Amino acid sequence: EWTTDDGRIMVNGQPLVLKGVNYFGFETETYAPHGIWDHNLNDMLDFIKDNNFNAIRVPFSMEMVRDNPVIMNVHCHNNPNLCGTSALRMLDIFIDRAAERGLLIVLDNHRTQSGGYISPPLWYNNSAGYPEDEVIRLWKQLVMKYKNQWNVFAIDLKNEPRDAATWGRSNRNTDWNQAAERMINALHEFPGFFFVGGIEWGGRFENAAQYPIETGRAHLNERVVYSPHCYGPDVYDRSEFHVENTHEYAKNLDRIYTAKYGFLAEKGYPVVIGEWGGKAKPGTRDAKWNNWFVDWIRDKCMTNNFYWALNPNSGHTGGLLEDDWKTPIQHKLDLVNRAQPNPTKFKKHNEKICITKGT
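From a predicted model like this one, the values you see are computed outputs, not experimental measurements.

Asks: Hey, could you go over the overall build of the protein for me, with residue numbers and the actual values?
Replies: Helix and strand content of the protein: ten helices and 14 strands. Computed over C-alpha atoms, the radius of gyration of the protein comes to 19 Å, within 12% of the 21 Å expected from 2.2 N^0.38 for 359 residues, which places it in the range of a compact globule. With the C-alpha coordinates of the protein rotated into their principal frame, the extents come out at 55 × 45 × 45 Å. Within the span of the protein, comprising 359 residues, buried residues form 59% of the whole. Residue pairs at least 24 apart in sequence account for 74% of intrachain contacts in the protein once pairs closer than 6 positions are excluded. About 14800 Å² of surface is accessible on the protein, with carbon and sulfur atoms providing 46% of the total. Of note, the protein has its 40 positive side-chain charges centred 3 Å away from the centre of its 44 negative side-chain charges.

Okay, here's the thing in structure tokens:
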């Protein structure tokens, strides 16, 4: 049973402590998790489990769900029985193998169309053949497919609304909060959490203070989770990252991020950081920001998070692995471990799911 209580996310009445990582690929033109072009998928999932993660955010595209193409760029010898697999069957396999390792899954509507380009700014794309009702239809397909899969515990409704996207303006065509409410009501059969990102690339929730997500159904409202994304100067450099005085640097960033979404936790709303990270090379401005950010989310009690990303082929951020997809990057693992050192553990045993509390 997934629910929330006074700002906490809960499993079976106990706090759920999340240490998650993003692992992308299904949203791209390969329609499969990246890295299996050389390595065994089990090795990737073992790395996640062995490094004390308990959850994976899995980006996908609506095109992948609608067309269900055959996956591409798979090392057949290293991944027996995966070559020639359809995308949705590959997703089944990925989720099942994650479940074997006690790993939870968030399904993330990352793009409308597959490929290397960025998803459209709104939750629908009429010109590409994905109006809102089609997006909801495809979401329903996934919800019905996985609603009884124990480790699919959350769905992220739309990755990083931006540009024309608004919140609380009473405009059906642009108001993301109202669209999220419609989508949650349409997907009411899903028993897990509904992740709702902010506008302006997922990071801004100011208007949620006056216009929180309100579905009209208490049992749905108590499974809404606000999921901001936040990055430092390696992704987008801003003037606040150039403040040299350490005290002023921290004070200024705290003011900015508290206004954007930190206030949500202070007001008792559940928050899970959906993306954060960067190359964070020691001695760089990005490393300074990443270390500050870990301190800040600890101070705000917002340490439930999904790091971006496992994949080394994420252009602005890199990943937890070097380009060989094998060698861990220790300074990044240290950051994530400091953010969330003791997550909840899940283990399947004798047809039951045993849960070990995190702290």
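Following the structure, the description resumes.
Asks: Would you mind going over the nonpolar core in detail, with residue names and values included?
Replies: Membership of the largest hydrophobic core comes to 93 residues, with the highest contact counts inside it found for Tyr23, Leu107, Trp139, Leu157, Trp176 and Phe293. Once residues lying within four places of it in the same chain are set aside, the contact partners of leucine 107 are Val58, Phe60, Leu91, Ile95, Trp139, Tyr146, Val152, Ala154, Ile155 and Asp156. Listed in part, the 16 residues of the second largest apolar core include Trp2, Ile9, Phe195 and Val272.

Asks: Just give me the short version of the pattern of salt bridges, but keep the residues and values in it.
Replies: Tallying each qualifying case throughout the model produces 19 salt bridges. One salt bridge in this structure joins arginine 204 and glutamate 206, with 2.5 Å as the shortest N-O distance.

Asks: Now, about the pairing of strand E4 (residues 19-22): what can you tell me, with residues and values included?
Replies: Neither face of E4 is left uncovered, since the one carrying Lys19 and Val21 and the one carrying Gly20 and Asn22 both have all their residues buried. Sheet topology note: the E4/strand E5 (residues 55-61) ladder contains three bridges and is parallel. The residue bridging glycine 20 from the neighbouring strand is alanine 55, located in E5.

Asks: Lay out the packing of aromatic side chains with the relevant residues and their values.
Replies: Considering all chains together, one arrives at 29 aromatic pairs under this definition. Taking the centre distance of 5.7 Å and the plane angle of 90° together, the rings of phenylalanine 26 and phenylalanine 94 count as edge-to-face. Within this pair, whereas phenylalanine 26 is found in the loop between E4 and helix H1 (41-50), its partner phenylalanine 94 is found in helix H3 (residues 87-100), the two being separated by 68 residues in sequence. For phenylalanine 26, a relative accessible area of 0% corresponds to the buried category.

Asks: Account for the environment of aspartate 237, naming residues and giving values.
Replies: Inspection of the secondary structure assignment puts aspartate 237 in the loop between strand E10 (229-231) and helix H8 (246-266). Separated by 49 residues in the primary sequence, aspartate 237 and aspartate 286 place their C-alpha atoms 9.2 Å from one another. Other than its neighbours up to four places away in sequence, aspartate 237 contacts His242 and Arg285. Within the local environment of aspartate 237, its side chain forms a polar contact with the side chain of histidine 242, the two groups lying 3.0 Å apart.

Asks: Describe in detail the state of the cysteines, supporting the description with residues and values.
Replies: Summed over all chains, the structure comprises one disulfide. Bridging cysteine 76 to cysteine 83, the disulfide has an S-S length of 1.7 Å. Handedness here is read from the sign of the S-S torsion; for cysteine 76 and cysteine 83, about -100°, the answer is left-handed. Accessibility expressed as a relative area gives 43% for cysteine 76, which makes it partly exposed.

Asks: An account of H8 is requested, with residue identities and associated values reported.
Replies: Its 21 residues place the ends of H8 only 24 Å apart at the C-alpha level, less than the 30 Å of an ideal helix rising 1.5 Å per residue. In H8, a bend of some 70° at alanine 259 exceeds every other bend along the element. Of all the positions in H8, only Tyr249, Asn252, Leu253, Ile256, Tyr257, Thr258, Lys260, Tyr261, Gly262, Phe263 and Leu264 are classed as buried. Lining the buried residues of H8 we find strand E9 (224-226), E10 and helix H9 (285-299). Capping the start of H8, asparagine 245 holds a side-chain oxygen 3.0 Å from the backbone nitrogen of histidine 247, two or three residues further along. One or two residues past the end of H8 sits glycine 268, with phi positive at roughly 90°.

Rules used throughout
- Residues numbered from 1 in each chain as written.
- Predicted model: local features only at pLDDT ≥ 70, side-chain atom pairs only at ≥ 80, totals over all residues.
- Heavy atoms only, no water.
- Helix = DSSP H or I, 4+ residues; strand = E, 2+ residues; numbered from the N terminus.
- Rg over C-alpha atoms; globule rule 2.2 N^0.38 Å.
- Buried < 20%, exposed > 50% of the residue type's maximum accessible area, 1.4 Å probe, protein only.
- Contact = heavy atoms within 4.5 Å.
- Areas by Shrake-Rupley, 256 points an atom, 1.4 Å probe, with all protein chains shown as cover.
- Lys, Arg positive; Asp, Glu negative; His and termini not counted.
- Charge placed at Lys NZ, Arg CZ, Asp CG, Glu CD.
- Core = buried A, V, L, I, M, F, W, Y, C linked by side-chain atoms within 4.5 Å.
- Salt bridge = Lys/Arg side-chain N within 4 Å of Asp/Glu carboxyl O.
- Pairing = 2+ DSSP bridges.
- Phe/Tyr/Trp six-rings, centres within 6.5 Å; stacked < 30°, edge-to-face > 60°.
- Polar contact = N/O pair within 3.5 Å; in protein donor to acceptor, adjacent residues only side chain to side chain.
- Disulfide = S-S within 2.5 Å.
- Expected span 1.5 Å × (residues − 1).
- Bend = angle between axes of the 7 residues up to and from the residue.

These figures capture arrangement, not role.
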